[in-house]
Amino acid sequence: MNEAVVRKEIRGSVAIVTLNRPTKRNALSKQLFIELKAAFSSFPSSVRAVIFTGEGKHFCAGLDLSEHRHHEPFEATLYSRWGHEIVNAIRYCGLPVISALHGAVIGGGFEMISATHIRIADETAFYQLPEGRRGIFVGGGGTVFISRIIGPDRMTEMMLTGRKFDAQEGHHLGLSHYLVPEGQALEKALELAEQVAGNAVISNYLMLNAIGHISQMPAETGLFTEAVAQALVMTSSDAVTGIDEFLVKKQDFNFKAAE
Ligand code: 1HE
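Here the residue numbering is sequential within each chain, running from 1 through the sequence in written order. With pLDDT at 70 or above as the cut-off, local features in this predicted model cover only qualifying residues; side-chain atom pairs require 80 or more to be listed or tallied, and sums for whole chains, interfaces and linings still use all residues. Only heavy atoms go into the side-chain values, all of them from the structure, while hydrogens and water stay out.

A.B. asks: Please explain the site of the ligand as it appears in this structure.
C.D. replies: Around the ligand, the structure places 21 residues, and the nearest of them are Lys24, Ala61, Leu63, Gly108 and Arg134. Polar contact is defined as a pair of N or O atoms within 3.5 Å, subject to the rule that within protein one atom must be able to donate a hydrogen and the other to accept it, and that residues adjacent in sequence are counted only when both atoms are side-chain atoms. Gly108 is positioned with one of its backbone polar atoms (N or O) 2.8 Å from an oxygen atom of the ligand. If the ligand stood free it would expose 1,000 Å²; the protein chains cover 65% of that surface. Only strand E5 (104–106), helix H3 (107–113) and helix H4 (131–134) provide two or more residues apiece to the shell around the ligand. Ten residues, namely Ala, Val, Leu, Ile, Met, Phe, Trp, Tyr, Cys and Pro, are considered nonpolar, four, namely Asp, Glu, Lys and Arg, are considered charged, and the remaining ones, Gly among them, are considered polar. For the shell around the ligand, the class distribution of residues is eight nonpolar, seven polar and six charged. Any residue with a heavy atom lying within 4 Å of a molecule or strand is counted as near it. To measure how exposed things are, a 1.4 Å probe is used in the Shrake-Rupley method; for residues, cover is taken only from the protein chains shown. By the criteria applied, helices consist of DSSP H or I runs no shorter than four residues and strands consist of E runs no shorter than two, each listed in order from the N terminus.

A.B. asks: Sorry, what's going on with the domain arrangement of the protein here?
C.D. replies: Many descriptions give the size of an interface as the accessible area lost when the pieces come together. Taken domain by domain, the protein holds domain 1 (6–197) and domain 2 (201–258). Here the bounds of each domain stem from an automatic or database domain assignment. Here the C-alpha centre of domain 2 lies 27 Å away from the C-alpha centre of domain 1. For this analysis, residues touch if any pair of their heavy atoms sits within 4.5 Å. The partner domain 2 presents eight residues to the 11 residues of domain 1 that form the contact. Overall, the association of domain 1 and domain 2 removes approximately 890 Å² of surface from exposure, summing both partners, and the carbon and sulfur fraction of that is 55%. Here the quantity called buried area is the accessible surface, traced with a 1.4 Å probe, that two parts lose on coming together, added over both.

A.B. asks: I tried to follow a nonpolar patch on the surface on my own but got confused; where do I start?
C.D. replies: What makes a patch is a set of residues exposed beyond 30% relative accessible area and free of salt bridges, joined within 9 Å when like-charged and within 5 Å when nonpolar (Val, Leu, Ile, Met, Phe, Trp, Tyr). Just to be clear on terms, a salt bridge is a Lys or Arg side-chain nitrogen sitting within 4 Å of an Asp or Glu carboxyl oxygen. Among the surface-exposed residues, Met234, Ile243, Phe246, Leu247 and Val248 lie close enough to one another that they form a single nonpolar patch of about 520 Å² accessible area. Of the residues forming the nonpolar patch, the biggest block, four residues, is contributed by helix H11 (residues 237–249).

A.B. asks: Help me understand the sheet that holds strand E8 (residues 164–166) in this model?
C.D. replies: Note: strands within a sheet are paired through backbone hydrogen bonds, in either parallel or antiparallel orientation. Spatially, the three strands line up as an open sheet ordered E5-E7-E8, and their pairing is mixed. Of all strands in the sheet, those bounded by a partner on one side alone are E5 and E8. The average undirected angle you get between the axes of adjacent strands in this sheet is 20 degrees. A strand pair is defined by DSSP finding two or more bridges across the two strands. Alignment of strand E7 (residues 126–128) against E8, held across three bridges, turns out to be antiparallel. Orientation is described by lines fitted to C-alpha atoms, with helices fitted over the stretch in contact, and by angles between N-to-C directions that extend from 0 to 180 degrees.

Put into structure tokens, the structure is as follows:
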């Protein structure tokens with residue numbers, strides 16, 4: 001039997017999903033795709049936040065090119081659609097996903113982290129879309145999701161030239177929300193995971209789903225959807241608790257700890 005190339009560990013209310021193929025710089029092989037999809041498909045009900053990271057010196061070197069020397073068009077289409085399923089499994093797993101990044105964040109790996117909700121990079125992180133230099137193209141949702149972060153114009157230039165953005169540059173472009181010293185991304189991710197795990201489940205669910213969907217709607221449809229989403233949360237018992245705690249005790253309430 002092959003060794004697992006994705007590790008999944010549960011630490012209290014936080015799950016840690018780790019790409020575990022460091023000798024190949026966590027390149028995305030078929031086996032890794034299968035295990036990654038499975039890892040994000042279900043979590044124990046005690047889990048309230050997920051951390052996504054990589055073993056070794058690099059987060060991910062992108063698609064395993066050794067598996068993609070030749071494809072038929074239909075096969076390549078299905079492969080890309082499979083990539084989209086995985087990216088959507090990350091984005092819509094129903095829990096906040098926090099990526100902890102270091103070293104290479106390349107190609108398909110870059111596409112996957114564009115689906116995560118909080119991104120933390122250490123100073124060694126760098127970002128690259130070398131597809132243009134290899135005669136290929138992105139296929140893991142990058143044209144939609146990376147371009148929403150850095151804009152289609154910047155993504156086009158990144159792909160045409162194959163340039164690398166270092167951690168500082170990536171941070172200024174919005175690729176990371178937090179930039180931390182070398183080796184500290186996982187620690188920061190654990191701290192933030194504990195914090196967001198303490199939010200009301202229903203609030204988190206709406207943040208993870210409604211904002212992304214509403215941003216794709218015409219304004220008036222979006223505003224109506226926002227009102228309905230707000231009504232769902234504002235009329236929950238969690239809203240009563242959260243607002244009362246603030247008004248009476250002047251504090252943020254930890255919903256997870258109160259269970
Ligand atoms: C790989 C891959 C890979 C490493 N597929 N085997 N991605 C790329 O074009 C990035 C290619 N990789 C690199 O630029 C570098 O490997 C790194 C900057 C990430 C790391 O460099 P380094 O010096 O630490 O490692 P290395 O010596 O280059 O690689 C170590 C091993 O990993 C080596 O194998 P070995 O058997 O000779 O030890 C490499 O061949 C192997 N390796 N990267 C296969 N990507 C959904 S569509 C998205 C399309 C894309 O993602 S395109 C981007 C592809």
